[in-house]
Amino acid sequence: MSGFERTMSPRPSQTPDDLKPPVTTVGPLGWLRKNLFNTPLNAVLTGLTLFFLWKTVLPFFRWAFVDAVWVGPSNLCRQSEGACWSVISQNIRFILFGFYPYDQQWRPITAMLLLLGLVFFSRDRKFWTKTLACAWIVGLGAMGTLMAGGLFGLPPVESTQWGGLPLTLLLAVFGLTAAYPLGVLLALGRQSRLPAVKLLCVVYIELIRGVPLISLLFMASIIFPLFLPAGITINKILRAQVAIILFTAAYIAEVVRGGLQAIPKGQYEAAESLGLNYYLTMRLVVLPQALKIVIPPTVSILISAFKDTSLVVIIALYDVLKTTQTVLSNPEWMGFSREAYLFLAILYFAGCFSMSHAGRRLERQLSTNRQEGG
Amino acid sequence: MDSSQTVASRPFHPKEPFWLDPRFRALLFQALVLGAVALLAWYLMANTIANLQRQKIATGFAFLEKEAAFEIGESVISYSAADTYARALFVGALNTVKVAAIGIGLTVVLGTFIGIARLSSNWLIARLAAVYIEVMQDVPVLLQLFFWYALFYEMLPGPRQALNPMIGVYVCNRGLIVPSLNPHPAWRWMILAFTAAMVASWLLRAWARRRQDRTGRPFPVFRTSLVLVLGAPLVTWWAFGFPRAVTLPELQGFNFVGGKTLSPEFSALLLGLVLYTAAFVAEIVRAGIQAVGKGQREAAMSLGLRPAQVLRLVILPQALRVIIPPLTSQMLNLTKNSSLAVAIGYPDFVSVANTTINQTGQSIEGVALIMAVYLFFSLSTSAFMNWYNKKARLVER
């Protein structure tokens, strides 16, 4: 910058030989100078950070990769300095599938692959057709059949034996798909002109948002059975699922309300002047715009709902976190929590990161604002 | 407002059948919804009462007066197993308040720091902050709590080999042990002096503002207040002859004597909650700073304001307006997430209530108490923050 100004307005006394060459901003050296050492303070900070990274990342790398034990029994791990990844590799089937019968575990694998396939195809908006919706319905049915059995010669498996990753995914996927429409309904109720409906929705949303999820899970596991007539019991997974749905819906409702408030009044009036009734106004004019506005906050609600499924540990459901803890409580594998929890962290990170990535993509694709670059 | 207009603009036509009248339809629909909800509530209540009678569970809060007969690991006030359930629950509530208050303070500081680091012109620091935020946001907080808790028990040595990073500070699997101040009357007087100085500087600010409105002459409020708030306790300290006796923790046998011990449960809970929530706060702070246009700073500087004044009078008020509402919900999230303490054995309110439910079988009352306490926390925090938010709001004409 300064070099540029000097060449533009050379003072008469200066010959071009006196000028210093401009500071380079191209090439690796220029990039370093521009991004890491542009001021003395930044140079010091860079130095400190590099030192900190060298002190932490290098030992971590040695621990996690160089000295690590990847497969093999636990006594091999106890002799080694590094990470014991064999706590994962030796117990992977229990961590992933819990108490699901050992010889039937191909069924949850197939169900999960089916789910992953559906999610993969749903990423691209090109495929958003009626066929995909049908595929989802058929797919979810097939997954349920695979897990529960009892049809087509598959031996039935009680839901008390379901566990691990399929349970986590089940709670997340069904929770999100059921909570979303419920949340939209609640948001519409809160914005409604009918005072009684509005009051009900406000009370529901504020009550649920004011309490922690685990109090709802306690309620699901302790009090729901009291609500039902004698002799009727609902299984534990379903009760937890209901609690997750009720909880997530309240949060989605608040996000959607934000979107509804952002729609200018003129849109409602225009729809009314066309003679559209309430249902058509909402479906054709208001909701498509409102839901598009709130994609970023919705995605973060969905991500936190996915993370929150891990809380079912507290009411002793064997989701993937609980199966891992069960492995760790085995004396043979005691003391390798770091490795096991890191593995789980990577698993959850992969899920959440891909969700937020997909959310950003969707936002870009649906953007009608040409100025921000489509 | 809008609805009354619409309804009024369509007067009831006598030939129109009454079921096409929008007013009648609105009433009918609401009656139907209310009826359905009431029916559902009645059905659930009837079932519950029948079930409770069948299982012979007493209802009501009479159990609160009974002896709790369980120990609580740590408490702010004195507590023993002979105390009542009511006192046990109160101890739990205080423990929740303790971890939430300390956690919120640390989170705001750390989150602001990381949020600013995220905007640093230093590529390395900005990247590191971004990676921190992404990783922390994408891993469940319960998993993080388990991780830190396991780290305390698996990584740290026993009291005999306790790490000693500073004189008087020990870290081991019994927790974090720090020196404690010896009791002295000076401490209470210093707190009093501090409070008095705070009140004085608040009055001073009001006076200075009135004077500036009247005469236009500014008064260096900030510097005077700083001197007052720091000086008054120091002077009090000096008046008592600088009491600075502390008890250093010492290893005796298998445990430490003296000093203050932060239990591994408390430390793990605090660490997990702060590191997790700080990532969200950092994003909020970044968004708030970015929301203030560059022109605002330039305009303020062109008016001749000093950099500190630009920050205090122009940038911060606008950034805070964007930051406060989401920051409030993060504070509430931290408070609600502290209920996960039940998973790692810190005796917070949920944990104590859960033990109470297991011992008395009074599940409905127990869960109702949990919900009531958290609703109280949530509503009072948001009431306070709404009041503050209203003060900081943009006044539009």
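Residues numbered from 1 in each chain as written. Chains lettered and ligands numbered in written order. Predicted model: local features only at pLDDT ≥ 70, side-chain atom pairs only at ≥ 80, totals over all residues. Heavy atoms only, no water.

### A few points about the packing of helix H17 (residues 337-366) of chain A against helix H5 (residues 141-154) of chain B
Piece 1. Closest axis-to-axis distance for the H17 of chain A/H5 of chain B pair is 10 Å, and the angle between their directions is 165°. Viewed along their axes, H17 of chain A and H5 of chain B adopt a mutual orientation that is roughly antiparallel. The two elements H17 of chain A and H5 of chain B meet at a crossing, and its hand is left-handed. Contacts from Ser337, Arg338, Tyr341, Leu342, Leu344, Ala345 and Tyr348 of chain A of H17 of chain A reach H5 of chain B at Leu143, Phe146, Phe147, Ala150, Leu151 and Glu154 of chain B. (Axes fitted to C-alpha atoms, helices over the stretch in contact; angles between N-to-C directions. Helix = DSSP H or I, 4+ residues; strand = E, 2+ residues; numbered from the N terminus. Parallel < 35°, antiparallel > 145°, perpendicular 65-115°, else oblique. Left-handed = near helix turned anticlockwise from the far one by under 90°. Contact = heavy atoms within 4.5 Å.)

### Remarks on the pattern of salt bridges
Piece 1. Using the criterion set out here, one finds 6 salt bridges over all chains in the structure.
Piece 2. A salt bridge links Arg190 of chain A to Glu206 of chain A; its shortest N-O distance comes to 3.3 Å. Of this pair, Arg190 of chain A sits in helix H9 (residues 165-190) while Glu206 of chain A is found in helix H10 (residues 195-210), placing the two residues 16 residues apart along the sequence.
Piece 3. Put simply, Asp83 of chain B and Arg87 of chain B hold a salt bridge, and the shortest N to O gap is 3.8 Å.
Piece 4. A single salt-bridge network, built from bridges that share partners, covers Arg190, Glu206, Glu254 and Arg257 of chain A. (Salt bridge = Lys/Arg side-chain N within 4 Å of Asp/Glu carboxyl O.)

### Regarding the UniProt feature "transmembrane region" (unreviewed entry) in chain B
Residues and elements named next belong to chain B.
Piece 1. In this structure's numbering, the residues bearing the UniProt feature "transmembrane region" (unreviewed entry) are residues 26-45, 99-117, 129-151, 186-204, 225-246, 266-289, 310-328 and 367-388.
Piece 2. In the segment residues 129-151, helix accounts for 87% and strand for 0%; the C-alpha atoms at its two ends are 23 Å apart.
Piece 3. Across residues 186-204, helical content stands at 100% and strand content at 0%; the span's end C-alpha atoms are separated by 26 Å. (UniProt positions renumbered as here; feature names shortened; annotations may be inferred.)

### Brief notes about the interface of chain B and chain A
Where interface size is given, it is often the accessible area lost as the parts come together that is meant.
Piece 1. Counting residues at the interface gives 56 residues for chain B and 59 residues for chain A.
Piece 2. Between chain B and chain A, a total of about 4,800 Å² is buried, with carbon and sulfur atoms accounting for 72% of that surface.
Piece 3. On the chain B side of the interface with chain A, the three residues burying the most area are Asp138, Leu143 and Glu154 of chain B, jointly 11% of the side's total.
Piece 4. Run the count over chain B and chain A and you get 13 residue pairs in polar contact (both at pLDDT 80 or more).
Piece 5. Elements represented by at least two residues in the side of chain B that touches chain A include exactly helix H1 (2-9), helix H2 (22-55), helix H4 (123-137), H5, helix H8 (264-291), helix H11 (341-344), helix H12 (349-360) and helix H13 (363-392) of chain B. (Buried area = accessible area lost by both parts, 1.4 Å probe. Polar contact = N/O pair within 3.5 Å; in protein donor to acceptor, adjacent residues only side chain to side chain.)

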